[in-house]
Amino acid sequence: MSIREHSSAVVEEKSGFNQYVLQELQLVIDELKDFQSGLGDLDQSKEHYFKTRQYYKHIEFFVEHIAPVQAKYQINGALVPKFSEYEEGFVVDPCGFQRIEEILFSGEEIDSKTLEHEVVDLIVVFQELKNACLSIALDDHIYLEMFQLQLVRIAAMNLNGYDATFTKTNLQETDETLASMSELIKRFRLKYGTKGELKARFQSLNESILNARKCLKKNPDFDTFNRLDFITFYIEEINLNLVLLHRALSLPWSDHKQALRLDSERLFSKETLNPQFFSIYYSDASDLEKQAALGKLLFYDPILSANNERACSSCHQPDKAFTDGLKTSQAFNKDGFLERNAPSLINVLYQKAFFYDGKAYQIEQQIRDVVHNEREMGSKLSEVVLKLRKSREYKALFEEAFTIQKDAAISEYAIQKAIAEYEKTLIAMDSRFDRYLSGDRNALNSREVSGYNLFAGKALCGSCHFFPLFNGTVPPYFMDSEYEILGTPQTKENRSLDPDLGRYKVTYVEKQKYAFKTPTVRNSELTAPYMHNGVYSDLNQVLDFYKKGGGEGLKYPVPNQTLPFDSLQLSNQEQQDIILFLKTLTDTSGLNQRPFKLPRFETMPEWNSRIWGGNY
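Here's what I pulled together on the structure shown here.

Calculation rules
Counting from 1, residues in each chain are numbered in the order their sequence is written. The predicted nature of this model means local features are confined to residues of pLDDT at least 70 and side-chain atom pairs, given and counted, to a pLDDT of 80 or more, with totals for whole chains, interfaces and linings taken over all residues. By convention in this description, side-chain values take in all heavy atoms of the structure and omit both hydrogens and water. The helix and strand labels rest on DSSP assignments: H or I over at least four residues marks a helix, E over at least two residues marks a strand, and numbering proceeds from the N terminus. Any two residues having at least one pair of non-hydrogen atoms within 4.5 Å are treated as being in contact. Geometry is summarised by axes, namely lines fitted to C-alpha atoms with helices restricted to the contacting stretch, and by angles between N-to-C directions that run from 0 to 180 degrees. For classification, angles of less than 35 degrees are called roughly parallel, those exceeding 145 degrees roughly antiparallel, those between 65 and 115 degrees roughly perpendicular, and all remaining angles oblique. For a crossing to be left-handed, the near helix must be turned anticlockwise from the far one by less than a right angle; the clockwise case is right-handed. Any residue that is not Ala, Val, Leu, Ile, Met, Phe, Trp, Tyr, Cys, Pro, Asp, Glu, Lys or Arg is counted as polar, Gly included; the first ten are nonpolar and the last four charged. A carboxyl oxygen of Asp or Glu within 4 Å of a side-chain nitrogen of Lys or Arg is what we treat as a salt bridge. Stacked, edge-to-face and tilted are the three classes for Phe, Tyr and Trp ring pairs, Trp counted by its six-membered ring, which pair at centre distances within 6.5 Å; planes under 30 degrees apart are stacked, over 60 edge-to-face, the rest tilted. Accessibility here uses a 1.4 Å probe with only protein chains present; expressed as a share of the type maximum, an area under 20% marks a residue as buried, one over 50% as exposed, and anything in between as partly exposed. Any Lys NZ or Arg CZ that is within 6 Å of a ring centre and within 35 degrees of that ring's normal is treated as a charge sitting over the ring. The length a helix should cover is 1.5 Å for every residue beyond the first.

Next up on the list: the side chain of T584. Looking at the element boundaries, T584 is found in the segment after α21 (572-583). The residues touching T584, leaving out its near neighbours within four places in the chain, are S431, R432, F433, L444 and E448.

A word on the packing of helix α8 (residues 197-218) against helix α9 (residues 227-248). Two elements in contact, α8 and α9, have axes whose closest approach is 9 Å; the angle formed by their N-to-C orientations is 160°. As the angle between them shows, α8 and α9 are arranged roughly antiparallel. In this structure, α8 meets α9 at a crossing whose hand is left-handed. Mapping the contact onto sequence places E197, L198, R201, F202, S204, L205, S208, I209, N211, A212, C215 and L216 in α8 and F230, Y234, E237, I238, N241, L242, L244, L245 and A248 in α9. A breakdown of the residues in the contact of α8 with α9 according to their chemical character gives 14 nonpolar, four polar and three charged.

To continue, consider the pattern of salt bridges. Any two side chains of opposite charge can pair if their charged atoms end up close together. For the coordinates displayed, the defined rule picks out 35 salt bridges. The residue K186 makes a salt bridge to E183 at a minimum N-O spacing of 3.8 Å. One end of the pair, K186, and the other, E183, are both in helix α7 (residues 170-192), three residues apart, so they sit about a helical turn from each other. Several salt bridges share partner residues, and in doing so they unite R53, K57, E60, D163 and E173 into one network.

This structure, assessed with the given rule, holds 42 aromatic pairs. Relative to F470, the ring of F455 has its centre 5.8 Å away and its plane inclined at 75°; by these criteria the two rings are edge-to-face. Taken together, the positions of F455 in helix α17 (residues 446-456) and F470 in the loop between α17 and β3 (483-485) put the pair 15 residues apart, joining distant regions of the chain. For F470, a relative accessible area of 0% corresponds to the buried category. The cationic tip of K352 hangs over the ring face of F277; the distance from NZ or CZ to the ring centre is 4.5 Å. Between K359 and the ring centre of F355, over which it is positioned, the NZ or CZ distance is 4.6 Å.

Bringing α7 into the picture now. In an α-helix there are 3.6 residues to a turn, and that puts residues three or four apart on one side. With 23 residues, α7 extends 33 Å between its outermost C-alpha atoms, agreeing within 8% with the 33 Å of an ideal straight helix rising 1.5 Å per residue. Remark: G193 follows α7 within two positions and exhibits a positive phi of approximately 80°.

On to helix α3 (residues 68-75), then. With respect to burial, α3 is a largely interior element, seven of its eight residues being buried. Of all the residues in α3, the buried ones are P68, V69, Q70, A71, K72, Y73 and I75. At its buried positions, α3 is contacted by α2 (42-66), β1 (82-83), β2 (91-92), α4 (97-105) and α5 (112-133).

Below, the structure is given as structure tokens:
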């Protein structure tokens, strides 16, 4: 995939905004060329690396927006193999800035040949970007929105150690990003003037950026920096001022489909997330509330299973945060147990891949797979359609919820759609942590705040469980999902690797053996046991596993482990603080109501004795 095309991109004389980007791109290229020419001197190479990163951070917002694939796979991806969601079987080994950083700062012997190769490749990529940008100009409102997306990138990626893993210069680089934003805001002021309300808007925005930069300089240590307060009281303030300036300038908002509603005055809230972005039925204009109500009945009705005894809620029970509390779920007809643990369905909407191995890309597909799985529901949607048509009550409910289909309202599509719409209502984003994010300083105590800062900083949990959803869906575009190879053990004795091949069963990519999708840690207080195989019964066991470096750290072989092997050096109190933070993410409010009764079947009276929620 090449440079992202924009409907607003036109060939025209460059504005001050474009000139700034082109200048910084040229500085990156020039510095990389100096880097290449001075590769024999380690100290000089490190100096060139830092300088190049500085220039890159000035325009990261722009590069990530117009060339997201190049940014992820060639320039500044994480230091683990990347598996493209766009090309089947496409694997990219660590490269770009992160690979250069590893070579220069890991303490290992310098691989000069690889280092030169990486520098040369970056020169080529940035030259291509510059050439492309010579014929691209963006509407002004796009720049303001890119700034907002960069704020998300700072909060969810930069401050969480997603890059600069060895140097830990994330705070200094965040400062460079804000300095660049401030420079471009000056150009807005020159272009639009400061008459009337605009004067106050520009002043407030500049002050909020300046205050954030002062905060960064006050404590530049990555491990001890209070990133939660920085996000809550500085990043959110900058976002608010960007939104107010956007409105004061009377600029339009982008109308393309995206995950974040950038016209929201809060950047990290339930209201900012666009639920329809995560659905293949983005433009569906039918009655979603009635479909969700119908889907709720179907979710609790064992009529979907072949034996009329198992419902969706059998494995996803509301009082257990929509899990089942078992190590791995019981199989259909109580014939043993399944291979994997039942994940929570709360906030399941906010994903682009489903199941631990990511084999489904929409909720609707996930529903179909479960119904058709011989060891889960043992049925077929075509058979469920015939069963439901024997109920006058169900027929009326389907016709009301799917008015367009009329007589054919009960269909495979409608069953999947209704259950999906119900699952999309299982949103819980009002935990104590969320209330703190909204500005309620009393919602968390000092140890819980410390726990988040450890989670996102020293412990590096946040580099996989991305803030604020705390799952593996990658912000700020939320287009793809992360898979990690942790080396999860077969038993709690931590002696051997669990044999489940995970993502490999879907992609057959060798480097994805034992890889699993990163789940959310929201409501983890309620979702024990943990890991894809339910091997750990409490959060302390989970933290111990990570703290010791996963499977490799526990001294059994794990091919291509993506988790760092070395110990995290967490004290007992630090570990407990992280657990205290995780418990602040608990929120199941309003999600536990079950149906009072299930629809009746006139011609099949024996079905009317079925139990909502199933027998097991």
